[in-house]
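Next come the chains, spelled out residue by residue.
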Amino acid sequence: MTTHGGRAELAGWRSSVAGTVALVPTMGALHDGHRRLIARAKQIADAVAVSVFVNPLQFGPDEDFDRYPRDLEADLEICRADEVDFVFTPELAEMYPREPEVTVSAGRMGTVFEGAARPGHFDGVLTVVTKLFRLVRPDVAVFGQKDAQQLALVERLTADLDLGVTIDAVPIVRDADGLALSSRNRYLSDDERRIALALPAAIEAARAAATPEEAQDAARRALAGAQRRHPEFSVGYATLVERATFIECPPGFRGDAVLVLAARVGATRLIDNAPLTF
Ligand code: PAF
């Protein structure tokens with residue numbers, strides 16, 4: 001049976017659970033990508049908690065915190081259908097009874113790519129993830145590869161601060177047209193959605209390349225073409241980075257990389273990525 005609630009209900013549930021616990025941290029607006037994370041959590045743990053909390057610390061002053069999609073009833077419906085054990089739905093004042101003075105710094109890796117476009121974003125993510133880990137006390141936490149930089153940073157967070165939580169990563173889930181699932185896709189008009197397909201097209205172009213240099217060039221060419229054709233499309237970045245550090249791959253790189261992409265379509269900022277090994 002799925003139960004839900006704030007800190008008090010979570011503490012009651014947590015002390016009654018035997019065996020391993022998996023946490024799926026979310027900001028709600030659950031879609032099939034989240035359901036894939038829940039399914040994975042159910043495979044690897046005895047009990048599954050999902051957190052639904054739109055974390056103000058990770059939004060910049062001009063970002064979409066106020067209009068970020070919120071539909072708790074729909075989220076709970078999905079969690080019930082997927083037989084989640086507990087849904088942690090704290091109020092804002094339960095998570096941040098006052099403006100936090102002490103937060104987690106995401107370091108250099110938190111200032112590049114998404115971190116450069118959204119200053120302070122990853123400090124906010126790592127701060128709330130640390131709090132969620134302390135409150136839920138999971139053995140394992142499941143994150144999507146869609147947010148590749150967030151995933152790499154959460155892995156560093158748990159290693160560098162010895163948080164004792166295993167991080168499990170689930171590949172990107174895409175719609176039939178190739179667009180990676182994201183809660184922000186619902187902001188796109190039909191036309192914008194078609195234009196956004198330049199992102200998965202750039203990934204396909206990069207996959208066909210033999211070397212890291214060719215992969216990055218192919219992705220950049222594909223996105224530049226979309227930008228020329230559609231005034232509402234603008235490229236943020238298209239770069240091949242080392243997967244664990246988010247440092248740009250040097251010439252002749254061999255190993256695990258990830259091609260990270262960001263673009264704006266109309267008013268909506270989208271990201272996508274593909275792990276590539278050379
Ligand atoms: O990926 C997200 O939805 C959020 O960044 C997370 C990890 C739930 C922290 O607020």
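Bear in mind that the values here come from a model prediction, so they are computed numbers and not experimental data.

Describe empty space enclosed by the protein, and please don't skip the residues or the numbers.
Inspection of every chain in the model, using the stated rule, returns one cavity of 30 Å³ or more. The calculated volume of the largest cavity comes to roughly 40 Å³. Lining the largest cavity, in full, are Lys 146, Leu 179, Ala 180, Ser 182, Asn 185, Leu 199, Leu 270, Ile 271 and Asp 272. Residue contributions to the lining of the largest cavity peak at three residues, all from strand 9 (residues 268–277).

Now, about the packing of aromatic side chains: what can you tell me, with residues and values included?
In this description, a pair of aromatic rings is defined by centroid distance and the angle of the planes. For the structure on display, the rule yields six aromatic pairs. Seen from their ring centres, Trp 13 and Phe 86 are 5.4 Å apart, and the 20° between their planes marks the pair as stacked. Within this pair, whereas Trp 13 is found in helix 1 (residues 7–16), its partner Phe 86 is found in strand 4 (residues 86–88), the two being separated by 73 residues in sequence. In this structure Phe 86 comes out as buried when scored by relative accessible area, which is 1%. Their ring planes at 70° and their centres at 5.1 Å tell us that Phe 113 and Tyr 237 sit as a pair that is edge-to-face. Note that Phe 113 is positioned in the loop between helix 4 (92–95) and helix 5 (114–117) and Tyr 237 in strand 7 (residues 233–242), a separation of 124 residues in sequence. Owing to a relative accessible area of 13%, Phe 113 belongs among the buried residues under this scheme. Note on Tyr 237: relative accessible area 13%, which makes it buried. A connected cluster of aromatic rings, assembled from ring pairs, spans Phe 59, Phe 65 and Tyr 68. The positively charged end of Arg 67 is found above the aromatic ring belonging to Tyr 187, 4.3 Å away from the centroid. Positioned over the ring face of Phe 65 is Arg 70, at 4.8 Å from the centre of the ring.

Analysis parameters
- Residues numbered from 1 in each chain as written.
- Predicted model: local features only at pLDDT ≥ 70, side-chain atom pairs only at ≥ 80, totals over all residues.
- Heavy atoms only, no water.
- 1 Å grid on protein atoms, 1.4 Å probe; cavity = no way out; pocket = protein on both sides within 12 Å on 5 of 7 lines; lining within 4 Å.
- Points joined across faces, edges and corners; volume = space filled by probe spheres on them.
- Helix = DSSP H or I, 4+ residues; strand = E, 2+ residues; numbered from the N terminus.
- Phe/Tyr/Trp six-rings, centres within 6.5 Å; stacked < 30°, edge-to-face > 60°.
- Buried < 20%, exposed > 50% of the residue type's maximum accessible area, 1.4 Å probe, protein only.
- Lys NZ or Arg CZ within 6 Å of the ring centre and 35° of its normal.

In short, the description is geometric, and any link to function would need to be established separately.
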